Amino acid sequence: MAKEITPRAEDYSAWYLDIVKKAQLADNSAVRGCMVIKPTGYAIWENMRDALDRMFKDTGHVNAYFPLFVPKSLFEAEEKNAEGFAKECAVVTHYRLKADTEHKGKLIVDPAAKLEEELVVRPTSEAIIWNTYRDWIQSYRDLPLLINQWANVVRWEMRTRPFLRTAEFLWQEGHTAHATSEEAREETVRMLNVYADFAENFMAMPVIKGVKTESERFAGAEDTYCIEALMQDGKALQAGTSHFLGQNFAKAFEVKYLNSQNQQEYVWATSWGVSTRLIGGLIMTHSDDDGLVLPPRLAPLQVVIVPIPTTGDVVDGVANSILDNLKSRGIRAKYDTDDTKRSGFKFAEYEMRGVPVRIAIGKRDIENNTVEVARRDTKEKTVISMNSVVEYVVNLLEEIQQNLFNRAKQYRDEHITNVDTFDEFKNVLETKGGFISAHWDGTPETEEAIKDATKATIRCIPLDNPQEQGVCVYSGKPSAQRVLFAKAY
RNA sequence: CGGGGUGUGGCUCAGCCCGGUAGAGCACCUCGUUCGGGACGAGGGGGUCGGAGGUUCAAAUCCUCUCACCCCGACCA
């Protein structure tokens, strides 16, 4: 019985859903738009979280936790931010249920338990956090305040897809306060670099660092920096954002500090976040028609040892010895002794679940003093002598990590296309996809018109973008630089 | 919020048009034979057919209401 995964070429969206399901990353739940993250999916998130958390700590941040609920009056305080999220907020209006007298065993909302003030389920935590920071910050000596929170947030999305867009998702949100604009700006860029570093070195997912245009900017931010990745179907994925918030929240929440000259000043702020959406990006960057492909650094299981039975007893000793040696080298490995599944089934199963390296050991190997090592990224199999297999695998994991990045980067680089006419723009978008590098006159009107005509949006203005005289691909007006367009998730 | 679709064992679905007391494959349990790329045989357990109401001697099937989920669009990380 073949466990069918829809080929990418046939239906990319169905392929993605098949991977999520067959690799056992997540299930749909009884709640609309919310998924259950299964142990394998959650283990990937834990690995991401652990790596990022280390990077945050290394850059001087500490973790804290703020409430899930935000009183509506606080939420309203920063106007632009509130408006940006208003139409996708879940709101708590009551605090009690009671028995339904007309239907036995049913419960109804108790009308007598209406809240004086509604509570917004956080779509992001700026409001509650800045309301708190007001009390924490008195003096320039309290700055910078560098806090991160690991939390869940809720955004009532119309249409959802596992990991890429769900009504509830897990993320981290950093919220920092600084004495000067320059410091806050530096922090914004520092954390953008942390994200880019993480994406490329752990996820093996190449990203472009850039700045959002006004229409794509986070409501309440002065500037939104982002990392943009390219998926295999030619669509872009915003993988992380870092916002320079200026003094918008400080003014809305009256967060002032006394500087060394004994003068009151508003603080400068940043916020930055990545979410479980990264798992969607991970899937769509590396996986193939046989299933999930994971970079070793994030794979919950890096090496699996599969015995070829009949010789089970003979194999056990060798397998366990290799397993112990791998573990002592810090590798996440497992020896699969389940004798109710055939080895062929296990091969297919572990490939589908994205385990980077498989070691098979059978009678023939015992006789020859070898093992068979198969790598998931290229599906290549190599026979290796037993006494060198641990060293080989340690190096192979690193090689796979590199290969995945190189492969993804080559695909990404081949899918950045310079275009100079709007016909060419539309043609490339439809036939090739990917990022389109084109001149833009800098106006929201043109951006909107292009979006209406093609569904492509400006993903970002890359950092360190070369300045180059040209004319806008749509309006023909003068332009000083190219920006990156793409259809986006 | 519009348009479409689906709810029947854990999963995928048949049965519904034409009412007669629930089936297949997979998965699961037991035993045996197997095992270098998704094994086979025999036996076995499991479903008040999404929910409520109605028609009928009789409802998974017909009627009414309702709930949920999925897909497509507008919105968004």
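Residues numbered from 1 in each chain as written. Chains lettered and ligands numbered in written order. Predicted model: local features only at pLDDT ≥ 70, side-chain atom pairs only at ≥ 80, totals over all residues. Heavy atoms only, no water.

## Overview of the pairing of strand β9 (residues 145-154)
With nine of its 10 residues buried, β9 lies for the most part within the structure. Strand direction decides the pairing type here: strand β3 (residues 62-63) and β9, joined by two bridges, are parallel. When the bridges of β9 are listed, Val62 appears paired with Ile147. Bridging between β9 and strand β10 (residues 168-178) involves 10 bridges; their strand directions are antiparallel. Paired with Val153 across the bridge in β10 is Phe169. (Buried < 20%, exposed > 50% of the residue type's maximum accessible area, 1.4 Å probe, protein only. Helix = DSSP H or I, 4+ residues; strand = E, 2+ residues; numbered from the N terminus. Pairing = 2+ DSSP bridges.)

## A closer look at the protein's contact with RNA strand B
By nearness alone, 43 residues border RNA strand B, and Arg159, Arg165, Arg277, Arg364 and Asp365 come closest of all. The sugar-phosphate portion of RNA strand B accounts for 42% of its atoms within 4 Å of the protein, the bases making up the rest. The side chain of Arg342 places a nitrogen or oxygen atom 3.0 Å from a sugar or linking oxygen of RNA strand B. Here Asp365 contributes a side-chain N or O atom positioned 2.4 Å from a base nitrogen of RNA strand B. Those elements that provide at least two residues to the surface near RNA strand B are α10 (343-352), β19 (357-361) and α11 (363-368). With seven residues, the top contributor of residues to the surface near RNA strand B is α10. Grouping the amino acids of the surface near RNA strand B by side-chain chemistry returns 14 nonpolar, eight polar and 21 charged. (Near = heavy atom within 4 Å. Polar contact = N/O pair within 3.5 Å; in protein donor to acceptor, adjacent residues only side chain to side chain. Nonpolar A, V, L, I, M, F, W, Y, C, P; charged D, E, K, R; others polar.)

## Description of helix α1 (residues 12-22)
Among all positions of α1, only Tyr12, Trp15, Tyr16, Asp18, Ile19 and Val20 are buried. Positive phi appears at Gln24, one or two residues downstream of α1, with a value of about 60°.

## Focus on the pairing of strand β21 (residues 381-385)
Here strand β20 (residues 370-375) pairs with β21 via five bridges, running antiparallel. Its bridge partner lying in β21, Glu372 is registered against Val383. In this structure, the hairpin formed by β20 and β21 is closed by a connection of five residues, where Lys379 is found at a positive phi of approximately 65°.

## Overview of the packing of aromatic side chains
Taken as a whole, this structure holds 17 aromatic pairs when the rule is applied. Sitting over the face of the ring of Phe244, Arg185 holds its NZ or CZ atom 4.1 Å from the ring centroid. Here Lys235 stacks its cationic end above the ring of Tyr489, 4.3 Å away from the centre of that ring. (Phe/Tyr/Trp six-rings, centres within 6.5 Å; stacked < 30°, edge-to-face > 60°. Lys NZ or Arg CZ within 6 Å of the ring centre and 35° of its normal.)

## Quick notes on the sheet that holds strand β17 (residues 303-307)
With mixed pairing, the five strands of this open sheet are ordered in space as β18-β17-β19-β20-β21. With partners counted over all chains shown, the strands left at the sheet margins are β18 (333-335) and β21, one partner each. Ignoring strand direction, the axes of neighbouring strands in this sheet form an average angle of 25°. Along the sheet face, α10 touches β17, β18 and β19 and points at about 165° away from the line of β17. Its contacts with the sheet put helix α12 (residues 389-414) on β17, β19, β20 and β21, and the angle it makes with β20 is roughly 10°. (Axes fitted to C-alpha atoms, helices over the stretch in contact; angles between N-to-C directions. Contact = heavy atoms within 4.5 Å.)

## A look at the domain arrangement of chain A
According to the domain assignment, chain A consists of domain 1 (12-90 + 122-286), domain 2 (303-396) and domain 3 (417-486). Relative to domain 3, the C-alpha centre of domain 2 lies at a distance of 50 Å. (Domains from an automatic or database assignment.)

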